[in-house]
Amino acid sequence: MDNAPIIIDSEKCKGCKKCVKGCPFSALEMVGKKAVLVGDCRACGACIEICPFGAITARKEVNKNQAQLANYKDIWIFAEQRDGKVQNVAFELLATGKELAEDRGCNLCAVLLGYKVSNLAQELIKHGADKVYVLDDPNLGEYEADTYTDALNKLILKYKPEIILAGATAIGRSFIARTATRVHTGLTADCTALSIDKESHLLHQTRPAFGGNIMATIMTPHHRPQMATVRPGVFQQGEPDPDRKGETLIEQLEVAARKLKLIRSIRKEDEEDDIAEAEVIVSGGRGMMKGENFALLEELAKLLGGSVGASRPCVDAGWVPVSRQVGQTGKTVAPKIYLAFGISGAIQHLAGISAADYIIAVNRDERAPIFGIANLGIVGDVMDVLPALIDVVKKTKAGN
Amino acid sequence: MSEKKHIETDILCVGAGVASLSTALSLLRTLKKQNVEKLPRVTIIEKGRNVGSHVLSGAVIDPSGFDGILTPEEIQKIPIEAKVKKEAFHMLSESASLPIPWMPRMMHAEGFPVGSLTKLVIYLADLCEKEGAEVYTGFAAAELLEDSKGRVIGVKTGPKGVGRDSKKKSNYLEGEEVYAKTVVLGEGASGFLTKRLLAQKDMFGMRRQSYALGIKEIVEVSPNPERVGEIMHTFGYPSDSQTYGGGFVYQTAPNQVMVGYVYALDYTSPTANPHKLFRRFKAHPIIEPYLRGGKIVAYGAKVIPEGGFFAVPEVYNDGVLIVGDGAGLVDSLRIKGVHIAMMSGRAAGETLANCWIKNDFSKGALQQYDVKLKETPGWQQLKRVKNVRASFSKGIMTGVMSAGFAWATYGAFPFWQVDIKRDFQGMKTLQETASDDWQMPITPLSPDRLTDVFMSGTKHEENQPCHLKILDTKRCIEECIPKYGAPCLLFCPARVYALEDDHIHVDFSNCLHCKTCQIKDPLQNIEWTLPQGGDGPRYTRM
Amino acid sequence: MHIIVCIKQVPDTANVKINPETNTLMRDGVESIINPFDEYALEEALRLKDKHGAKVSVITMGPPQASVILREALARGADEGILLTDRAFAGADTLATSYTIALAVKKINPHPDLVFFGKQAIDGDTGQVGPGVAECLGIALLGNIKTLEVENGRFRAESAHENGSDILEGDLPCVMTVLKEASSPRFARLRGWMDAKHAPLQKWSAQDVEADPEKLGLKGSATKVVRIFSPPIRGCELKCVWSTDKEVALKSVMGTLVKKGILE
């Protein structure tokens, strides 16, 4: 292929097949005894690294628009607010953004869109923003993808930020993607790590790929701003500095008119939660002994703002409805925290929870297979641990 | 979309197994050879999710089955790379093995393809579709449709979207009626419709069918290219002298071993656990080295009809033909049925081709299938060993003698029918049975049933009625448990049945569709019915 | 009414097994299926077809074998299937993919009433293409749809978010991403499959949609993968016994809850 991202020197190729095996996209094959690019090369560089003979090199790309790219400065975070309250993800992004801004040697700014929200700027400054751009407009009062896209896009055109970070929330996932397309730049979703490359000064965006099987580090070399979304809770908030000072710029830009009419809002409590979307799952297995004991799990789940899950036997026994079943034949879940109480960890169950960020397991049997996959294991009777844990959580919440 | 209430096709095959596919191929190719212009519409429906999902066999395949169905190039290209190059027979005791130095020619398999029947079936289905047949997966045939005269005129598929409470879910889909000039039943052993057809029209053979349960794993091992094509069959340990059981281990690729155990279901001990026997077999010093350092990547189980010649039912009736394992066409000494299934498919295909040309699908015309089937070499093999399997039920020595006679006299002696009890009969009570305390730690190469069943890929819609019906649950507690200790807890290779407090709990979603439970239950209190189409195992290389 | 549904063929990650040594997913022998979220998008379209007689076109961008999912969509009741396939599309990130799919949508109908996407694909998990296509088409976007009613060129939809959901009304056309809370996907009937088996599928290349080669595939992508590595193996940080280490256990659990942002 003429303009493939890699060049294979067939003289140096010794036919060891390491590159063929190492290509995550199955793009290389042996023809005769030489490696040949036959499939879709994604320029990930894995083969370049793997080849022990240095037979594979990257095709040098022509760097376009370097001068133009230099016009873009500063790191922005989208300060998501709902009903006049800044969402936690914004503070998490500010904490991370601060480190990135230091490495990059630039300002950290926040973008606030809404109606009658200018007062929120102070909070953002205290959490690390050097500047806060506020676009306060009745059309931004309630979230609508198209008005928010218009607003952010206008700010981007005016100020040319180099990097924009946003939370991968319902809001973030819709209008940020739309904005990236309007601006014609790259967007990486659900990043788990962000850093500034020392040489190129580009933003390194790391995220899981292939269903979590591998991690990929992604960059946006030739387009600006470099955009990325991060799931809430992936990064930590910092402590606000009450003495911190910063600039608040109230923008006077015209925003596109709203097209949708809000008829009414339904609050979460009124509906049944879907455990597949839950961030915290408190799950019970046979070790819970009785259906009545699930009341404890429900209590803990409520305290933590999570959902109750269960392994198959509990569903079969009628202790919980089938919508709560977690496992290969139930639901596959990817919560931040999965608490497994009295679950042995049969492989069918593990198949449903392998994507959880953090697994805490409590089981009486120290050889239970679940301990092989848990980040934190507690060997004990669930009926001893649960009440004690609920107690501590209650006390902690009351103290806050 | 068409507005008609039903679907019409010309030939409907139930089950996309080797027999049905051979029927379809043979039918279409016979007609094309004769330059028949208008070809019949051939529809094949399969309850598995994909072609091959419910297909499982050892398998060492007698290539004589391909004759007349596949071209020489097609035979070359079958997706089974390994050919038998070294075979051994061993009689096992607990710690030792006795190689059998000589076996009659009819037992030899040198040069036979050895590998995945699932892959072969996928290949055949592809050839079928290229010839113009159509295969539809995920549809279970739930009911035979008959006209007022009792002639089979089609099949109704099972409904989808029925909830656990038996109520219709929001996406409920009613079963669809498919009418055909002939229905070919290729459902495999103990097939759902086949069982009902035989009972309803009294089409049973000279005796009822008997079965064995085959349990199999595929193990990925460190590459060992020299061993490819080595096969071993064993008998003796861990089966007792009264039960026809044997194991196999085949090296089918440099890094792949197929290992399995076949256990006759007329065993009499209520505490027998075929899966445990499989584990004991794998642990035997002569078997274990094949698996050492390996990793189990697939698991499955299925019953094999072993009744042989005397148990073959009537293979045709008005509007319907039975091919393959459903007709019990397995050589019970060699335990080979794939080639005979293909021969039956060829016989059926050629018969249907004639019917199509003459436009005559009457019962009289379909009889030709019976005639052709009984002219096949496979049928002669069945006849030859007609008493061997039953003789084994009287003990190993009797069985071996009978096999010797069958070989020497080409089946002429013994000329009477050696009788054999039905599989579910004759089970001893708990009191009459010594307890089996044999234990073995669970290891990655010797997993328990639940871990194994995960490797089968079996999956069922959870929110549907349990397809395994316990007809009278009181009998479990009052009769079966005191007398036999609930053998279903042990004979199911998928651990579907579990004892909970005071009842038998059925984890239907583990089911491998092997059919053991309805065959072996001593009280005949379990009925295997159809789960939602598309459910069940997902074999890809069994 | 004309509804265009964009679907994707993905590996069935829900059916993979775990490699017991590394606790990662094994993808060998995994089937390819319609992205489960897309099934809900398709079902929503078919529901509107049942109710209002809408025309449903289904489009997928992928290799030739992706045509299988178009047939399944036809078997369920879609009216036409279009396969967007070309080597030039390969390696596209969401920007290039959005561009390509938008071109195809315009070619099917420059003025569709509704364009549906599933919430996200279970392999890429970005959920970005729906919004990206909306932008390229210049059509309004509404995400996370649970319920939808359409009448006289206007729609009323329930859009979900973290704290609940909003009922919104607006004018067509609109691009929507559909959630699993929407109606359960219907089964394809056997007759549907039989009709779909021989139904003609359209195959469009980059040239057919008049794509600018600079905006396609790897070339048209703004993001580039620079490194691939194995995720850290889940390690057991702590295993303790309740009877002797109660305090340690509780402290660890609480620490984790705070660290993950569940508690303050």
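These figures come from a predicted structure and were not determined experimentally.

Help me out: how do you make sense of the environment of B:Phe204 in this one?
Residue and element names in this part refer to chain B. Along the chain, the position of Phe 204 falls in the loop between α4 (192-200) and β13 (211-220). According to the relative accessible area criterion, Phe 204 is partly exposed, its value standing at 25%. For the pair Phe 204 and Thr 9, spaced 195 residues apart in the sequence, the C-alpha separation amounts to 28 Å. With residues near it in sequence (within four places) discarded, Phe 204 still touches Leu 198, Ala 199 and Pro 313.

Help me understand the sheet that holds strand β11 (residues 177-179) of chain B in this model?
Whether parallel or antiparallel, the strands of a sheet pair through hydrogen bonds between backbone atoms. All names here are of chain B. Ordered in space as β1-β11-β8-β7, the 4 strands form an open sheet in which the pairing is mixed. Each having just a single partner strand, β1 (7-8) and β7 (141-146) make up the two edges of the open sheet. In this structure, strand β8 (residues 152-157) lies alongside β11, joined through 3 bridges in antiparallel fashion. Looking at β11, one finds that Gly 154 is bridged to Tyr 179. Along the sheet face, α4 touches β7 and β8 and points at about 35 degrees away from the line of β7.

How should I be thinking about the packing of helix α7 (residues 338-358) of chain B against helix α9 (residues 377-384) of chain B in this particular structure?
Each pair of packed helices can be described by the angle between their axes along with the distance between the axes. Residues and elements named next belong to chain B. Closest axis-to-axis distance for the α7/α9 pair is 8 Å, and the angle between their directions is 130 degrees. In terms of orientation, α7 and α9 fall into the oblique class. Between α7 and α9, the residues in contact are His 339, Ile 340 and Met 343 and Pro 377, Gly 378, Gln 381 and Leu 382, respectively. Looking at the contact of α7 with α9 residue by residue, the classes come out as 4 nonpolar, 3 polar and no charged.

Would you mind showing me how to read the interface of chain B and chain C here?
How big an interface is tends to be expressed through the accessible area that disappears when the partners come together. Listed as interface residues are 32 residues of chain B and, on the opposing side, 24 residues of chain C. One can count 1 salt bridge joining chain B with chain C. Note that B:Glu129 is salt-bridged to C:Lys197, the shortest N-O span being 2.6 Å. Here chain B and chain C share 7 residue pairs in polar contact (both at pLDDT 80 or more) between them. Residue composition of the side of chain B that touches chain C, grouped by class: 11 nonpolar, 10 polar and 11 charged.

Help me understand the interface of chain C and chain A, please; the structure alone is not making it clear to me.
If you look at the interface, chain C gives 83 residues, while chain A gives 101 residues. Each partner contributes to the roughly 8000 Å² buried at the junction of chain C and chain A, and carbon and sulfur atoms together form 57% of this total. Between the two partners, chain C and chain A, sit 4 salt bridges. One salt bridge in this structure joins A:Lys261 and C:Glu169, with 3.9 Å as the shortest N-O distance. The interface formed by chain C and chain A includes 26 residue pairs in polar contact (both at pLDDT 80 or more).

It is not clear to me how the sheet that holds strand β13 (residues 202-204) of chain C should be interpreted in this structure. Could you clarify?
If you walk across this open sheet you meet the 10 strands as β17(A)-β11(C)-β10(C)-β9(C)-β12(C)-β8(C)-β1(C)-β6(C)-β7(C)-β13(C), and the pairing is mixed. Bordering the open sheet on either side are β17 (261-267) of chain A together with β13 of chain C, each of which pairs with just one other strand. Between one strand and the next, the sheet's axes are offset by a mean angle of 30 degrees, whatever the strand orientation. With 6 bridges connecting them, strand β9 (residues 140-151) of chain C and strand β10 (residues 154-161) of chain C associate as antiparallel partners. Of the residues in β10(C), the one forming a bridge with C:Leu148 is C:Ala157. Helix α7 (residues 170-183) of chain A contacts β9 and β10 of chain C of the sheet and is inclined by roughly 105 degrees relative to β9(C).

How should the domain arrangement of chain C be read in this particular structure?
Taken domain by domain, chain C comprises domain 1 (2-215) and domain 2 (234-264). Averaged C-alpha coordinates put domain 1 of chain C and domain 2 of chain C at centres separated by 42 Å.

How should I be thinking about the packing of aromatic side chains in this particular structure?
Note on aromatic pairs: each is described by the distance of the centres and the angle between the planes. Counting across every chain of the model gives 15 aromatic pairs over all chains. Arranged with centres 5.6 Å apart and planes meeting at 75 degrees, the rings of B:Trp102 and B:Trp407 form a pair that is edge-to-face. One end of the pair, B:Trp102, is in the loop between β5 (97-99) and α3 (117-131); the other, B:Trp407, is in helix α11 (residues 396-408), and 305 residues separate them in sequence. Under the relative-accessibility criterion, B:Trp102 is labelled exposed at 55%. Judged by its relative accessible area of 36%, B:Trp407 falls in the partly exposed class. Residues B:Phe248 and B:Tyr250 carry aromatic rings whose centres are separated by 4.7 Å and whose planes lie at 25 degrees to one another, so their mutual orientation is stacked. In this pair, the class of B:Phe248 matches that of B:Tyr250, namely buried. One aromatic cluster is present, built from ring pairs that chain together A:Phe78, A:Tyr143, A:Tyr148 and A:Phe175. Of note, C:Lys107 hangs over the ring of C:Trp204, and the distance from its end group to the ring centre comes to 5.0 Å.

Each value, and the rule that gives it
Residues numbered from 1 in each chain as written. Chains lettered and ligands numbered in written order. Predicted model: local features only at pLDDT ≥ 70, side-chain atom pairs only at ≥ 80, totals over all residues. Heavy atoms only, no water. Helix = DSSP H or I, 4+ residues; strand = E, 2+ residues; numbered from the N terminus. Buried < 20%, exposed > 50% of the residue type's maximum accessible area, 1.4 Å probe, protein only. Contact = heavy atoms within 4.5 Å. Pairing = 2+ DSSP bridges. Axes fitted to C-alpha atoms, helices over the stretch in contact; angles between N-to-C directions. Parallel < 35°, antiparallel > 145°, perpendicular 65-115°, else oblique. Nonpolar A, V, L, I, M, F, W, Y, C, P; charged D, E, K, R; others polar. Salt bridge = Lys/Arg side-chain N within 4 Å of Asp/Glu carboxyl O. Polar contact = N/O pair within 3.5 Å; in protein donor to acceptor, adjacent residues only side chain to side chain. Buried area = accessible area lost by both parts, 1.4 Å probe. Domains from an automatic or database assignment. Phe/Tyr/Trp six-rings, centres within 6.5 Å; stacked < 30°, edge-to-face > 60°. Lys NZ or Arg CZ within 6 Å of the ring centre and 35° of its normal.

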